[in-house]
Amino acid sequence: MTGGGGFIGSHLVAELVRRGETVRIADNFSTGRRENVPADGSVTIFEGDIADQAFIAQAVAGCDYVLHQAAIPSVPRSVAEPVATNHANVDGTLAVLVAARDAGVRRVVFAGSSSVYGNSAVLPKREDMRPAPMTPYALQKLVGEQYCQMFTQLYGLETVTTRYFNVFGPRQQPGSPYSGVISLFIDALASGRQPLVHGDGRQTRDFTYVGEVVRGVLAAATTPALGGEVFNLAVGGRISLLELIATIQRLLGTNLEPVFGPAREGDVRDSQADIVKAREKLGFEPQASFEDGLRETVKWYQADVLGAGKAG
Ligand code: UD1
């Protein structure tokens, strides 16, 4: 797995270890963390740049499956740093695909993104809609999935893309201005600060608990006959930032007014997945309610982020 030290990757590693699988992780720990990786004899870490062909070839050699989760996963960061994010997200993906092809890997599952849909007027967003990337990140993820499909056609390498929709959960770090909005809002509210809303707060997202994504990705890895396919992995709902803030406040017992700033450049207004294809072909069914997922995330934040702060 690439990116096994990251937020989503580390949840996948934990589930694979639970299932008794042997896992190799390729990660440069730029946004991921070593402490996210379970200390278990079945897990080996390869530390390096996935875009370095010799490095990734060594990491992938002998693997049956590659879950390609490594990325610099931020829309605003890609707007600020198009070249660096292109290196990680496009050069990295191409190098992983070449390594997987050469190693005779059975399947690559690529972490795609809902951002590829852009501001297309139709909701919910279906996999067969025409992509309309509005930011470097969205374009990089689109190139990644198209490379996957091309490798399936040209070289017979099985690839599947899972498009994520605003995933949240434990271990998503609030430490950077580029962090996911849920981690930033929990961090602000739990620390007695007002959350900063970019725009009017009425933009909506299909916020997806990380546990759903883990089940979906593993189904995408193991379900037969999916070469070159693309799947939305999400709940199929739509929650505004104002509703998000109200729910977090309820869970924390806080009552702080948000601060409103200008809308973010390249921000998508509404995002909601059609998950019929994942349901039908992967047997994917969301399980946790949004509030249950948030409750788990808040609990983790209080124990691991606030708790660690107090201990240190
Ligand atoms: C995008 C993608 C998602 C991808 C993710 C990677 C879309 C629809 N979604 O998420 O598929 O996995 O990037 O990181 O393109 N916001 C605030 N205050 C803050 C931070 C953010 O109001 O402090 C707002 C943003 O302007 C945005 C929303 O919250 O409207 C979500 O932002 P963020 O968590 O950064 O994710 P997206 O850009 O939606």
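This one's a predicted model, so the numbers in the text were calculated from it and none came from an experiment.

J.: So, the site of the ligand: which residues are in play, and what are the values?
T.: If you check the shell around the ligand, you find 22 residues, and the closest are P73, S114, R205, R264 and D267. Within the side chain of R205, a nitrogen or oxygen atom sits 2.6 Å from an oxygen atom of the ligand. Residue R264 places a side-chain N or O atom 2.6 Å away from an oxygen atom belonging to the ligand. About the coverage of the ligand: the protein hides 91% of its 750 Å² of free accessible area. Of all the elements in the fold, those that place two or more residues in the shell around the ligand are α6 (181-190) and β7 (196-198). Considering only residue class, the shell around the ligand consists of ten nonpolar, nine polar and three charged.

J.: Account for the side chain of S183, with residues named and values stated.
T.: Here S183 shows up in helix α6. Polar contacts involving the side chain of S183 include one to the main-chain carbonyl oxygen of G180, which spans 2.8 Å. Leave out the neighbours within four places in its chain, and S183 touches Q172, Q173 and P174.

J.: Tell me about the packing of helix α1 (residues 7-18) against helix α7 (residues 210-222), and name the residues and values.
T.: Remark: α1 packs on α7, axes separated minimally by 10 Å, with the N-to-C direction vectors making an angle of 65 degrees. Considering the relative orientation of α1 and α7, their crossing is right-handed. Residues F7, I8, H11, L12, E15 and L16 of α1 touch α7, and the partners they reach there are V210, V213, V214, V217 and L218. Of the residues that constitute the contact of α1 with α7, the class distribution is nine nonpolar, one polar and one charged.

J.: Outline the packing of helix α4 (residues 82-103) against helix α5 (residues 136-155), supporting the account with residue identities and numerical values.
T.: α5 packs onto α4 with a crossing angle of 15 degrees between their chain directions and a minimal axis gap of 10 Å. The angle between α4 and α5 places the two elements in the roughly parallel class. Remark: the crossing between α4 and α5 carries right-handed chirality. Every residue of α5 that contacts α4 at P82, T85, N86, N89, V90, T93, L94, L97, V98 and R101 is listed here: P136, Y137, Q140, V143, G144, Y147, C148, F151 and Y155. Looking at side-chain class alone, the contact of α4 with α5 contains twelve nonpolar, six polar and one charged residues.

Cut-offs and rules
- Residues numbered from 1 in each chain as written.
- Predicted model: local features only at pLDDT ≥ 70, side-chain atom pairs only at ≥ 80, totals over all residues.
- Heavy atoms only, no water.
- Near = heavy atom within 4 Å.
- Polar contact = N/O pair within 3.5 Å; in protein donor to acceptor, adjacent residues only side chain to side chain.
- Areas by Shrake-Rupley, 256 points an atom, 1.4 Å probe, with all protein chains shown as cover.
- Helix = DSSP H or I, 4+ residues; strand = E, 2+ residues; numbered from the N terminus.
- Nonpolar A, V, L, I, M, F, W, Y, C, P; charged D, E, K, R; others polar.
- Contact = heavy atoms within 4.5 Å.
- Axes fitted to C-alpha atoms, helices over the stretch in contact; angles between N-to-C directions.
- Left-handed = near helix turned anticlockwise from the far one by under 90°.
- Parallel < 35°, antiparallel > 145°, perpendicular 65-115°, else oblique.

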